[in-house]
Every structure is written in structure tokens, then in C-alpha cells.
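Structural description and commentary
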Amino acid sequence: MADASFCPDCKRSTEVVLDHSAGDMVCLECGLVLEAHSIDETSEWRTFANESSENDPVRVGGPSNPLLTDGGLSTVIAKPNGAQGDFLSSSLGRWQTRGSNPDRSLILAFRTIANMADRLGLVATIKDRANEIYKKVEDLKSIRGRNQDAILAACLYIACRQEDRPRTVKEICSVANGATKKEIGRAKEYIVKQLEVEMGQSMEMGTIHAGDFLRRFCSHLGMSNQAVKAAQEAVQKSEELDIRRSPISIAAAVIYMITQLSEEKKPLRDISLATGVAEGTIRNSYKDLYPYASRIIPASFAKEEDLKNLCSP
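Analysis parameters
- Residues numbered from 1 in each chain as written.
- Predicted model: local features only at pLDDT ≥ 70, side-chain atom pairs only at ≥ 80, totals over all residues.
- Heavy atoms only, no water.
- UniProt positions renumbered as here; feature names shortened; annotations may be inferred.
- Helix = DSSP H or I, 4+ residues; strand = E, 2+ residues; numbered from the N terminus.
- Buried < 20%, exposed > 50% of the residue type's maximum accessible area, 1.4 Å probe, protein only.
- Contact = heavy atoms within 4.5 Å.
- Areas by Shrake-Rupley, 256 points an atom, 1.4 Å probe, with all protein chains shown as cover.
- Salt bridge = Lys/Arg side-chain N within 4 Å of Asp/Glu carboxyl O.
- Pairing = 2+ DSSP bridges.
- Polar contact = N/O pair within 3.5 Å; in protein donor to acceptor, adjacent residues only side chain to side chain.
- Arc of directions from axis to C-beta.

The chain appears in an unreviewed UniProt entry as Transcription initiation factor IIB from Phoenix dactylifera. Reading the Subcellular location (unreviewed entry) entry of the UniProt record for the chain gives the comment "Nucleus". In its Sequence similarities (unreviewed entry) section, the UniProt record describing the chain reads: "Belongs to the TFIIB family."

In C-alpha cells:
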């Protein structure tokens, strides 16, 4: 939309237009730039703030983080492009060092948690919960000298459990920076114990079900939709049985049973790799489920004669 302004070349008031890409005010008559690099003070997105004068989020910068002392909005003096190695000895570098962020270790920890969560495809709510757990433990000053990578991985494991999106310790271990399953397990127990003492009550971890892992495991194995649905129904019915096995082992055993009844048979080794359950554990869990095959396998997926031909453990 063109506005009127006085042009010194045209010697009269002419129409001008704003070039948004360059921030220039240009005369439509002669093309003279009347004003260069003007600042755009309008909203960066539509907020419909004209209807209310409160909470207008235009040009507010990055979101604040309530877990950090300054909300995560502190100023950092970056090293300029082409600067030599003596930048830190300059006045700017000294001021940067002198006013170093007291939350530096927290920021690094949150960044590590975010990287692990992104590699596992976890949602932001789980990352936020893991950050909160770590902040609580860090405030207790009781994790000094402990394996930091294991502590961070354990915080993410607990957050997944509390958000009803559990991951196996082996899956968490696959994205941890060198921490072993045993170290993560010990760190998890330590964190739970410390927070329970601090809160004065037991810590809610959420209940794990075999169905929480099943679809992800089936996806890793490339199973068909029909086989996945049958496995889900079988896992759901298996919860009515008194099978004293871990949910992850039951999920792996059900997958093995379903693949044995379908045309897309999967080797036990592939199932073990996809689920993180040892082959021997899958066999033992399969032995426990085998007597109940006719009760848990959907009739639409396998006929009675197919179940009779199902290989015994």
C-alpha cells in the first residue's frame, strides 16, 4: 500500500512504497530511496492483540525457562567472526568470564537430555519432566561425584514412566553417552530414593504394560497391520493371566508367537534385537504363554488347527 511523502528529487509530494525485504522507503515516481533500513515495529505474527491490551507476545524473544535462575534470558557475548585466539583476554572476553552464567551446568544437562529425547523421538512434555527431575536432584547437592551420564539417562527413563510413555532401559542406554544398563539402573534407584526422602512419600512411577512397547517393537520388525492388531489383542488378553514375567518379555513372546502363525515368520534372533530381550528369556516366556495360545490368539487371525500346529517350546 502506497503512502504520500515529499520527494526532494520530484520537488513535490509523491506516493512512496515500503520495500519490506530491504527496509527502504522508495518514491514511486523517480525511484529515490527516501529512507533506508527502517525498523519494522509491527508484530512478527498475528496475535489478535488489538482486542486486548494484555499479554501481547510480539517480539518477546525466546521462551523463558523457570528452572533457570535468570529464566534462560541472560546475555552471552559471542566470539566475533574472524577473531583471534586472544579474544578471551580482551575486555569483552574478561567481562564474559567474570559474568559467567551460574546455570551453565544446568543448561548443559538440559541440552544433553534434549539430545537423548530427540534421538528416541520423545515429545516435549517428557523432556520437560526429565529436566524437572534433574533440577530437583541437582538442588539436593547429592549427585556430585556420580556418573553424570547415568544420572541424566535415569532422569529421562523416570520421565518416560511418569508420562505413560515408557522406554526400556536398553533403549535409554542406546542414546546415553557411554552409560551402561547397570549404571542407569543404579542411578534410577538412587534418584527415586533421594526424591522420596525429600518429598516424604513414595514416588509415582506409573505402571508398565506389555502393550506400551508392542507397537514400537512390531514397527522395528516391519510386521503387517493384521499381525500388529493380533499381537495387541493377544497382549491385552494375556494381562488376565497369571504370567509372572516382565511386560517386555511378554511382549516379545507374543510377537514370536504371532509371527510363527503368520507367513512373515521372524527369526528369534531378530525379535531379540528388536525388543532388547535375550533369546533365552523369550523362549521361557513363550513356554509360559504356550498353554494359553487358544485363549489369547484372536480367532480371526489363526484357526484352531493352526494353533495345534503351532510349534511347541
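Next comes the rest of the write-up.
1. What to know about the overall build of the chain
Each helix and strand counted, the chain has 13 helices and 4 strands in total. Taking all 313 residues of the chain together, 37% fall into the buried category. The long-range share in the chain, meaning contacts at least 24 apart out of those at least 6 apart in sequence, stands at 56%. Roughly 19,400 Å² of accessible area belongs to the chain as shown, and the carbon and sulfur atoms make up 47% of that amount.

2. Remarks on the side chain of Ser 238
Within the fold, Ser 238 resides in helix 8 (residues 225-238). A relative accessible area of 4% places Ser 238 in the buried class. Filtering out sequence-adjacent residues up to four positions away, Ser 238 remains in contact with Ile 250, Leu 289 and Ile 296.

3. Points about the pattern of salt bridges
A complete count under the given rule lists 11 salt bridges for this structure. Across the pair Glu 163 and Arg 129 runs a salt bridge whose closest N-O atoms are separated by 3.1 Å. Taken together, the positions of Glu 163 in the loop between helix 4 (148-162) and helix 5 (169-175) and Arg 129 in helix 3 (residues 124-139) put the pair 34 residues apart, joining distant regions of the chain. Residue Glu 163 is classed as partly exposed on the basis of its relative accessible area, which comes to 24%. Of the charged contacts in the structure, one is a salt bridge between Lys 135 and Asp 139, with a shortest N-O distance of 2.9 Å. Of this pair, Lys 135 and Asp 139 both sit in helix 3, 4 residues apart, which is roughly one turn of that helix. By sharing partners, the salt bridges in this structure join Arg 129, Glu 132 and Glu 163 into a single network.

4. Some words on the pairing of strand 3 (residues 24-27)
Judged from the 4 bridges that link them, strand 2 (residues 12-19) and strand 3 form a sheet pairing that is antiparallel. Directly across from Val 17, in strand 3, lies its bridge partner Val 26. Joining the antiparallel neighbours strand 2 and strand 3 is a turn of 4 residues, in which Gly 23 adopts a positive phi near 75 degrees. Examined bridge by bridge, strand 3 and strand 4 (residues 33-35) share 2 bridges and lie antiparallel to one another.

5. Quick word on the environment of Glu 171
With respect to the element layout, Glu 171 can be found in helix 5. Of the residues examined, Glu 171 reaches a relative accessible area of 14% and is grouped as buried. Spatially, the C-alpha atoms of Glu 171 and Thr 275 are 9.1 Å apart, while their sequence positions differ by 104 residues. In contact with Glu 171, not counting residues within four places along its chain, are Leu 120, Arg 216 and Phe 217. At 2.8 Å, the side chain of Glu 171 and the side chain of Arg 216 are in polar contact.

6. Focus: unusual backbone geometry
Unlike most non-glycine residues, Asp 164 shows phi in positive territory, near 60 degrees. Relative to the elements of secondary structure, Asp 164 occurs in the loop between helix 4 and helix 5.

7. Brief notes about helix 10 (residues 268-275)
By the burial criterion, the buried members of helix 10 are Leu 268, Ile 271, Ser 272, Ala 274 and Thr 275. Viewed along the axis of helix 10, the buried residues span an arc of 165 degrees, placing them on a single side of the element. Facing away from the buried side of helix 10 by more than 90 degrees, the exposed set consists of Arg 269 and Leu 273. As for helix 10, its buried residues are in contact with helix 7 (211-221), helix 9 (247-261) and helix 11 (279-289). Following helix 10 by one or two positions, Gly 276 adopts a phi angle in the positive range, close to 75 degrees.

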